[in-house]
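Spelled out, the chains give:
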Amino acid sequence: MTSRAPAVLLGLDAADLGLIQRLGAGGTLPNIFGLLSRGCTGVIRGEAERFAGGVWPTFYTGQPVSRHGVYHNKLWRQEHMRCEIASAEWCSEPPFWERLRGSGRRVAVVDVPMTVARPTPMDGISLAGWGTHDVIARGSWPPTLWREIETSLGPSAMPPERFGSQTPHSLGRLAHELRMATSQIAEIGARLYRREAWDLFLLVFGATHRGGHYLRDLSQVNTRAISAGHRRALGEALGEVYRAVDAGVGRILELVPPNTRVLVFALHGMGPNTTWADRCADILARIMSGRPTGAPPRRGLIYAAKQAIPWQIARAVTTRIPPELQARLVPIWSARMFDWGTTRAFPLPMDHAGYVRINLRGREPRGIVAPDAYNALCDEIAEGFLGFRDAVSGQPIVRQVHRLDDLAPDGAPARDRLPDLVIEWAGVPTASAPVIRSERLGELNWRSPRLPSGRAGNHEPDGWFVATGPGIEAGAAAATHPIVDLVPTLYRWLDIEPDAGYPGRPIPELAG
């Protein structure tokens, strides 16, 4: 350790700044709200409207999605004509801490979401996939660290995501589990922090992400059969999760020496669920039928069988399957999603923006759309989405349809993995618009306003940060900065010249 100020970064995954400010103004969240009151604050702008799943890979690689290519845990691989769990074998942009190896800096990295590879040898320690909302790879460096933590504190307390319809009981259970998981990761963080004087200590709390999706409000559950007290407790459950996270932040900060630079941040936010990702496949099917009523593209046999399984049974099975086995199953069902001989366009896995892929001849091995018909088909699909409106208010449900050329220029390393069309929604809440209508394609009507995902909340595009420490002006307001500026800022804190390949620049208000 040298005389330079150490750096502590605490990520609050998808944390809602508005909720933090309301709870803080009410006298709770003393640690986070206290930092916001006295630190330098700013806005983080990423690509969350289009690639909500790409914000953490953009952070840890210091590169945009068009370069690293990770925007969801399941990505399309056209060479295999299927979806696969993201892997370092073909998502090769390394995290910044791997580039720090040999720099003389001692680094601890704990639970950064969406990392695509097990931790590799580094000058310090790393724990991946312990308590994150999004898990791709699990493991530790050194390899014995995972077992050491399990022996001491038990297995991970973060529950598997129970994607699908929710009940008051399931939400209450989730809130309790998230508080326990937060206490556990805070204890892990405190123990690891005390091991040595780190140059950089980075830890991410995942409960704010999972809680925001399911505990945001009670729009996705039937509360008529529960008491007013139970409803009130569920309505306050997300706040209790945030209080647990605030206590976890306090656990770490009480160990931090006075000369430390501290950055607490979220890369995107969380608000009411106004996305139509749950309905996107149905809308695309109507567009591809070209008629006010029509049959969707023919499903492959295995995929159709998977979709026919009741969600209660499917969820009971999938939450018990180890992640390694799930990774092997995804390519099996996704390779037979559709009858590729008749499917011109198809939806990709999504949970925020809508993703559509063209079955393009010459790119997809079983492609049927001729290259000279590509633009016309993209126009047809874009116009179809843009034509649907809420049947009651008349508001369009789509703000913009992004084309591949807008998302990644020719030659971008990840271009072939990205969707051809990304549907950016206009903010019309799906729960209040069970009927949408298009002049050309007619009406789509969902019997229940509740969503198949069970998610009451979804992402807001902007994140935020607050920083304190040497060279950082207390109470200052920084400008809006892209996610890619965070790694160069961190390099400046560590007195290292960033790699010329990083497109970002140090944030002036934090550069010291």
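Since the model is a prediction, treat every value here as computed from it, not as a measurement.

Student: Tell me about the overall build of the protein, residues and numbers included.
Tutor: The helix and strand inventory of the protein stands at 18 helices and 20 strands. The C-alpha radius of gyration computed for the protein amounts to 23 Å, which stays within 12% of the reference 24 Å derived for 512 residues, consistent with globular compactness. For the protein, the spread of C-alpha atoms along the three principal axes comes to 70 × 60 × 45 Å. Residues counted as buried form 56% of the 512 residues belonging to the protein. When the accessible surface of the protein is summed, it comes to about 20,700 Å², and 51% of that surface belongs to carbon and sulfur atoms. Charge separation in the protein, taken as the distance between the mean sites of 57 positive and 51 negative side-chain charges, equals 6 Å.

Student: Got a sec to walk through unusual backbone geometry? Specific residues and values, please.
Tutor: The amide bond that connects Trp141 to the next residue, Pro142, takes the cis arrangement and shows omega of 0°. Take Pro142: it is sitting in the loop between β7 (139-141) and α7 (144-153). With a phi close to 65°, Met114 is a non-glycine residue in the positive phi region. Mapped onto the secondary structure, Met114 falls in the loop between β5 (107-110) and β6 (124-128). For Met114, a relative accessible area of 3% corresponds to the buried category. The backbone phi angle of Asp495 is positive, close to 60°, even though this residue is not glycine. Turning to its location among the elements, Asp495 is positioned in the segment after α18 (486-493).

Student: Go over helix α16 (residues 374-386) with me, naming the residues and quoting the values.
Tutor: The end-to-end C-alpha distance of α16 is 18 Å, a good match for the 18 Å that 13 residues give at a rise of 1.5 Å each. Taken together, the buried positions of α16 are occupied by Tyr374, Leu377, Cys378, Ile381, Ala382, Gly384 and Phe385. With its buried residues spanning 160° around the axis, α16 presents them on a single face. For α16, the exposed residues set more than 90 degrees away from the buried face come down to Asn375 and Glu383. At its buried positions, α16 is contacted by α12 (280-289), β11 (345-347), β12 (354-358), β14 (398-403), α17 (404-407) and β15 (421-425).

Student: Pulling in residues and values, what's your account of the packing of helix α2 (residues 30-38) against helix α11 (residues 237-253)?
Tutor: At a closest axis distance of 7 Å, the pairing of α2 and α11 adopts a crossing angle of 70°. Here α11 runs roughly perpendicular to α2, going by the angle between their axes. Here α2 contributes Pro30, Asn31, Ile32 and Leu35 to the contact with α11, which in turn contributes Val245, Asp246, Ala247, Val249, Gly250 and Leu253. Residues belonging to the contact of α2 with α11 are distributed by class as follows: seven nonpolar, two polar and one charged.

Student: Go over the side chain of Arg105, please, and point to the residues and values.
Tutor: Along the chain, Arg105 falls in the loop between α6 (96-99) and β5. Despite its burial, Arg105 pairs with no opposite charge; the closest candidate is Asp199, at 5.2 Å N-O. A distance of 2.7 Å separates a polar atom in the side chain of Arg105 from the backbone oxygen of Ser103. Ignoring sequence-local partners within four residues, the contact set of Arg105 consists of Arg4, Asp123, Asp199, Leu494, Asp495 and Ile496.

Student: I'd like a description of the pattern of salt bridges, backed by residues and values.
Tutor: As enumerated under the stated definition, the model contains 31 salt bridges in all. Residue Glu196 is joined to Arg106 by a salt bridge in which the shortest nitrogen-to-oxygen separation is 3.0 Å. Here Glu196, found in the loop between α8 (168-193) and β8 (200-205), pairs with Arg106, found in the loop between α6 and β5; they are 90 residues apart in sequence, far enough to count as distant. With a shortest N-O distance of 2.0 Å, Arg195 and Glu148 are connected by a salt bridge. Within this pair, whereas Arg195 is found in the loop between α8 and β8, its partner Glu148 is found in helix α7, the two being separated by 47 residues in sequence. Linked through salt bridges whose partners overlap, the residues forming this network are Arg67, Glu93, Arg99 and Asp499.

Parameters at a glance
- Residues numbered from 1 in each chain as written.
- Predicted model: local features only at pLDDT ≥ 70, side-chain atom pairs only at ≥ 80, totals over all residues.
- Heavy atoms only, no water.
- Helix = DSSP H or I, 4+ residues; strand = E, 2+ residues; numbered from the N terminus.
- Rg over C-alpha atoms; globule rule 2.2 N^0.38 Å.
- Buried < 20%, exposed > 50% of the residue type's maximum accessible area, 1.4 Å probe, protein only.
- Areas by Shrake-Rupley, 256 points an atom, 1.4 Å probe, with all protein chains shown as cover.
- Lys, Arg positive; Asp, Glu negative; His and termini not counted.
- Charge placed at Lys NZ, Arg CZ, Asp CG, Glu CD.
- Expected span 1.5 Å × (residues − 1).
- Arc of directions from axis to C-beta.
- Contact = heavy atoms within 4.5 Å.
- Axes fitted to C-alpha atoms, helices over the stretch in contact; angles between N-to-C directions.
- Parallel < 35°, antiparallel > 145°, perpendicular 65-115°, else oblique.
- Nonpolar A, V, L, I, M, F, W, Y, C, P; charged D, E, K, R; others polar.
- Salt bridge = Lys/Arg side-chain N within 4 Å of Asp/Glu carboxyl O.
- Polar contact = N/O pair within 3.5 Å; in protein donor to acceptor, adjacent residues only side chain to side chain.

Fair warning: the whole summary comes from geometry, so function is off the table for now.
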